[in-house]
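Reading the structure
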Amino acid sequence: MPIKHLRSWVLGVFALLVLAGALGQPVTAQSGYADQVISLVNQRRAAAGLPAFQPDSRLMQAAQSHSTDMATRNFLSHTGSDGSNPGTRITRAGYSWTSYGETVAGGQPSPADVVEAWMNSSGHRAILMGNYRDIGAGYAYNASSTYRHYWTIDVATGSGGSTPIAPPPPTPPPPP
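Counting starts from 1 at the beginning of each chain's written sequence and moves along it residue by residue. Thresholds applied to this predicted model are a pLDDT of at least 70 for local features of residues and 80 or more for the giving and counting of side-chain atom pairs; totals over whole chains, interfaces and linings are not thresholded and use all residues. Only hydrogens and water are set aside when side-chain values are computed; all heavy atoms of the structure are taken into account.

**Observations regarding the overall build of the protein**
Summing up its helical and strand segments, the protein has six helices and four strands in all. In DSSP terms, a helix is any run of H or I states spanning at least four residues, a strand is any run of E spanning at least two, and both are numbered starting from the N terminus. Mapped in sequence order, the helices and strands of the protein form the string α-α-β-α-α-β-α-α-β-β. A 1.4 Å probe rolled over the protein chains alone gives each residue an accessible area, and that area as a share of the maximum for its type sets the label: buried under 20%, exposed over 50%, partly exposed in between. Evaluated residue by residue, the protein yields a buried proportion of 38% over its 176 residues. In the protein, of all internal contacts separated by at least 6 residues, the share reaching a separation of at least 24 is 73%. When the accessible surface of the protein is totalled, it reaches about 9700 Å², and 61% of it is carbon and sulfur. Contacts: residue pairs with any heavy atoms within 4.5 Å of one another. Each accessible area value is a Shrake-Rupley result obtained with a 1.4 Å probe; residue values ignore everything except the protein chains displayed when judging cover.

This is the structure in structure tokens:
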């Protein structure tokens with residue numbers, strides 16, 4: 001292949017890789033963001049004299065899945081790209097609910113920003129201060145989308161017990 005064509009080919013491949021990266025799957029960034037959101041919500045609940053929500057792995061799955069869906073397909077809604085509603089997604093994740101609520105948001109770059117936005121909205125605040133037992137949160141980021149940052153909280157009370165998130169292993173003691 002002549003150098004002229006090789007250079008064009010290399011530039012074309014580079015352009016395709018850049019474009020593919022911009023249009024690719026969203027990066028689920030800052031995995032600790034979901035935990036931070038739950039902590040901040042529970043702090044607000046404690047300040048209001050309410051019990052803390054219990055993190056539930058199934059609700060975490062439902063919330064993360066919805067945030068990823070919104071970021072991937074560039075929309076912000078309680079209705080999933082497949083037509084699902086929050087109850088359907090929570091059930092799909094294996095949670096048998098008797099009541100549930102969901103908050104979604106887009107554009108807030110940090111856990112503190114999104115919790116503040118939700119608390120300043122009477123509808124979202126009512127859900128986050130509601131009489132539910134369990135919580136899951138999700139966050140996804142897509143630089144090429146409208147909002148870039150996509151957040152979901154699913155709260156619920158179920159007919160069974162919570163499925164807690166496994167705690168991290170204990171830190172070993174320092175050597176003598």
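Further notes follow.
**Comments concerning the pairing of strand β4 (residues 149–158)**
For β4, the buried fraction is high: ten of the ten residues fall into the buried class. Residues of β4 alternate between two faces, with His149, Trp151, Ile153, Val155 and Thr157 on one and Tyr150, Thr152, Asp154, Ala156 and Gly158 on the opposite face, all of them buried. Summarising the sheet, strand β3 (residues 134–141) and β4 pair through eight bridges and their orientation is antiparallel. In the sheet register, Ile135 faces β4, and the bridge partner there is Val155. If DSSP finds at least two bridges between two strands, the strands pair.

**Some words on the sheet that holds β4**
Pairing is mixed across the open sheet formed by four strands, whose spatial order is β1-β3-β4-β2. Of all strands in the sheet, those with a lone pairing partner are β1 (54–55) and β2 (97–106), marking the two edges. Relative to β3, β1 runs parallel, the two sharing two bridges. Counted as the bridge partner of Gln54 is Asp134 from β3. To obtain an axis, a line is fitted to C-alpha atoms, over the contacting stretch when the element is a helix, and the angle between two such axes runs from 0 to 180 degrees between their N-to-C directions. Contacting β2 and β4, helix α5 (residues 111–119) crosses the sheet at an angle of about 60 degrees to β4.

**Focus: α5**
By the burial criterion, the buried members of α5 are Pro111, Val114, Val115, Trp118 and Met119. Buried residues in α5, looked at end-on, bunch into an arc of 135 degrees, giving them a common side. Here the buried face of α5 lies against α2 (33–47), β2, α6 (122–128) and β4. In this description, the arc belongs to the directions extending from the helix axis to the C-beta atoms.

**As for the packing of aromatic side chains**
Ring geometry is summarised as follows: Phe, Tyr and Trp rings, the Trp one being its six-membered ring, pair when their centres sit within 6.5 Å, and such pairs are stacked at plane angles under 30 degrees, edge-to-face over 60 and tilted between the two. Under the criterion given, the structure shown has five aromatic pairs. By way of ring pairs, the aromatic residues Tyr33, Tyr139 and Trp151 are connected into one cluster. Seen from the ring of Phe53, Arg45 lies directly overhead, with NZ or CZ sitting 3.8 Å from the centre. Only when the NZ atom of a Lys or the CZ atom of an Arg is both within 6 Å of the ring centre and within 35 degrees of the ring normal do we say a charge sits over the ring.

**Quick notes on the confidence of the model for the protein**
Of the residues in the protein, 73% have a pLDDT of 70 or more, and the chain-wide mean is 83. Element-level mean pLDDT values for the protein span from 36 in helix α1 (residues 3–23) up to 98 in α5. How sure the predictor is of each residue is captured by pLDDT, a score from 0 to 100.

**Observations regarding the nonpolar core**
Soluble globular proteins: nonpolar side chains tend toward being buried together. Residues grouped as a nonpolar core are buried Ala, Val, Leu, Ile, Met, Phe, Trp, Tyr and Cys residues, joined through side-chain atoms within 4.5 Å. Counting 22 residues, the largest nonpolar core has Val37, Val41, Val114, Trp118, Ile135, Trp151 and Ile153 as the members making the most contacts within it. Of all the elements in the fold, those that place two or more residues in this core are α2, α5, β3 and β4. Excluding residues within four positions of it along the chain, Ile135 makes contact with Ile38, Val41, Phe53, Gln54, Pro55, Asp56, Leu59, Met60, Ile153, Asp154 and Val155.

**Here's the deal with the packing of α2 against α5**
Following both chains from N to C, one finds α2 and α5 inclined at 40 degrees, their axes separated by 9 Å at the closest point. The angle between the axes of α2 and α5 places the two elements in the oblique class. α5 is crossed by α2, and the crossing has right-handed handedness. Across the interface between the two elements, Tyr33, Gln36, Val37, Leu40, Val41 and Arg44 of α2 pack against Pro111, Ala112, Val114, Val115, Glu116, Trp118 and Met119 of α5. Note on angle classes: values under 35 degrees are labelled roughly parallel, values over 145 roughly antiparallel, values of 65 to 115 roughly perpendicular, and the remainder oblique. By definition, turning the near helix anticlockwise from the far helix through less than a right angle yields a left-handed crossing, and turning it clockwise yields a right-handed one.

**Observations concerning unusual backbone geometry**
Residues other than glycine predominantly adopt negative phi, and peptide bonds predominantly adopt the trans conformation. One non-glycine residue, Asn74, lies in the positive phi region at around 55 degrees. Structurally, Asn74 is set in the loop between α3 (57–73) and α4 (86–92).

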